[in-house]
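Coordinate inspection notes
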Amino acid sequence: MGCTLSGIASKKSNSNMSEIKIQDLEDIANKLRIHSIKCTQASNSGHPTSCASMAEITSVLFFHTMRYKVSAPRDPSSDRFILSKGHAAPILYAAWAEAGLFSPDDLMNLRKIDSDLEGHPTPRLNFIDVATGSLGQGLSVACGMAYVGKYYDKASYRTYCLIGDGESAEGSIWEALSFAGIKKLDNLVAIFDINRLGQSEPTAFQHEMDVYQARLESFGFNALVVDGHDVEALCKAFHEASQTKGKPTAVLAKTYKGRGFPEIEDKENWHGKPLGAKAEDVIAHIQALIKNAGPNNLVPQKPLRENAPEVKISDIKLSSPPNYKKGMCNIYHGDKVATREAYGKALAKLAENNKSVIALDGDTKNSTFSNGIMKTDPERYIECFIAEQNLVGVGIGAACRDRTVAFVSTFAAFFTRAFDQLRMGAISQTNINCVGSHAGISIGGDGPSQMALEDLAMFRTIPTATVFYPSDAVSTERACELAANTPGICFIRTSRPGTTVVYDNDHKFELGKAKVIKSSDNDEVLVIGAAITLREALTAADQLLDNGTNVRILDLFTIKPIDKDGIIENARECGGRIIVVEDHYPEGGIGEAVMSAVATERDIIVRHLAVPRVPRSGNCDELLDMFGISASAIVKAVNEIKSL
């Protein structure tokens, strides 16, 4: 079909805006361009042409459409803005400077080591909610914010996300578009800055606006094609978005990279480059277009209504303590409960006690048991379908500005698909709780594609992460309670098979404190396991005791932080001998965490039992034995290490 810009009127027709206001917005857009040129010149790096294409969009959003408090950028009732194309950070910084948050002179500190005006936005700045720059992630976060605003806060604030046309090739963008359409997020506006040029060559669809429009409409959006350099057309588009009910809006803005830069506009090979020797002439050209060179006549508008409710997300507790029957040391008595099932019970209890606790899942809720929250309040469960990158992104958005305590669950193996979202979540200072089930070869017949064997390594590398590996139902419930109150990204690894309860219901758990499960005065080896391998270690201990060998069993509870002092103390009491047995690949899991903890200690040796190669289908016990992490493998390792 032929594409026109007729969906939005130009400023020459039927305008109810004054010519003065139109000129003011155009002036601000050009001032933002100049700021972007000057600060990237000062830093000798940055993306001034990417900023120039979105100058009018930014001017209209910040000085006409959005409602927010300059004095309190993260006010809960203010509109949200996510710059998904984070490389255009200079113009975002310039907008807040023009709004009066800080002096425009500070823009000259862009990218300097002692300045928080970094090359891409991060929440070190009080007007940034999440870090962006790894492309394709901003819309998922915006979806999480909009979902909370519409369905939980039930507030007037709106969410705007500006997306580059180059990054729209990312699948995570389309996962988010699908989610927004299905959930009918009519308080969300996705703005596509379609400036035709990517980093190294033109984008796939360049200025084929009809292609973008058809795609967005097929995802359930009210898709408006507009001249992205026409401020009145943009004002009308955003007004139409505010009046559209039952579906989100996409503003598809046809723009030009380097707009207003003579001899640079719409030219290739200018991505990510300051203007250098051309800067002075370009600034002079843009300056001549500005009618009002003085202070802005337009000021940011305050929130439409102060109606975001007060939220309490601290001191979250289980509504009732764990209630399980503890087994004996030989593990053959007591309740046998899968830790994934205990997670579902804990989630329901936390939700009973705090209305801000929510759960998100990717169509695995009846396997992860995240559907436990539905017994408390089905409205606090968010189905994200099989789209794990969007699942994590929506969770990050839902937790923004401390609006919810979000538990995000799926099979642990599938979090690997969303590692970049998690990595950026750490940079974003986000607080979310990830719960990964079906860990390790102990899941059995489903085979290696479903077996998380690298998840501990992945989460341990995230600098803000706390990594829980509970071994029974009691410790799982308490891990969930602790995670709900722990800043940063928390990961709770849960298992498919049932494991015997080894803790009293009133046992106290702490971050970084390991628990001795079995001990004597003459233990010869310290065996460290978790969940299924703790079960195997206890079985091995019984067998070894029949032959006169005592071993001590240690449950770490948290892999990060790890109980370094507890490991060393117990290892020394066991002759300096440690065996670590884990349902994980050797690299990056419990074994390497333990070896790192004792690396500088004399006279401690570590034997590491882990899954040494890509596994296969089989039943749990067969696989544990085949891959060397069963009770019999532990017995063999203990007998070997005793002689060292």
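Per an unreviewed UniProt entry, the protein is named transketolase, and its organism is Homarus americanus. Quoted verbatim from the Subunit (unreviewed entry) field of UniProt, the annotation for the protein is "Homodimer."

Moving on, we come to unusual backbone geometry. Going from K560 to P561, the amide bond is cis rather than trans, its omega being 0°. Residue position: P561 is located in the loop between β17 (558-560) and α18 (564-573).

Before going further, it helps to spend a moment on the pattern of salt bridges. If you walk through the whole model with that rule in mind, you get 28 salt bridges. What emerges from the salt-bridge pattern is a single network uniting K69, D75 and E306.

Cross-referencing UniProt, the feature "domain: Transketolase-like pyrimidine-binding" (unreviewed entry) maps to residues 337-501 in the present numbering. Taken as a whole, residues 337-501 contains 38% helix and 21% strand, while its terminal C-alpha atoms sit 7 Å from one another.

Further remarks concern the packing of helix α17 (residues 532-546) against helix α21 (residues 631-642). Between α17 and α21, whose axes approach to 8 Å, the crossing angle comes to 55°. Judged by the angle between their axes, α17 and α21 are oblique. With respect to the hand of their crossing, α17 and α21 are arranged in right-handed fashion. Contacts between α17 and α21 involve T533, E536, A537, T539, A540, Q543 and L544 on the former and, on the latter, A631, I634, V635, V638 and N639. A per-class count over the contact of α17 with α21 returns 7 nonpolar, 4 polar and 1 charged.

Another point: the sheet that holds strand β16 (residues 551-555). Read from one edge of the open sheet, 5 strands run β14-β16-β15-β18-β19, paired in mixed fashion. Looking along the sheet, the strands with just one partner apiece sit at the ends: β14 (515-518) and β19 (605-609). If you compare each strand with its neighbour and ignore which way they point, the axes differ by 25° on average. Along the sheet, α21 makes contact with β15 (525-529), β16, β18 (577-581) and β19, crossing β18 at roughly 160°.

Reading the values: the criteria
Residues numbered from 1 in each chain as written. Predicted model: local features only at pLDDT ≥ 70, side-chain atom pairs only at ≥ 80, totals over all residues. Heavy atoms only, no water. UniProt positions renumbered as here; feature names shortened; annotations may be inferred. Helix = DSSP H or I, 4+ residues; strand = E, 2+ residues; numbered from the N terminus. Salt bridge = Lys/Arg side-chain N within 4 Å of Asp/Glu carboxyl O. Axes fitted to C-alpha atoms, helices over the stretch in contact; angles between N-to-C directions. Parallel < 35°, antiparallel > 145°, perpendicular 65-115°, else oblique. Left-handed = near helix turned anticlockwise from the far one by under 90°. Contact = heavy atoms within 4.5 Å. Nonpolar A, V, L, I, M, F, W, Y, C, P; charged D, E, K, R; others polar. Pairing = 2+ DSSP bridges.

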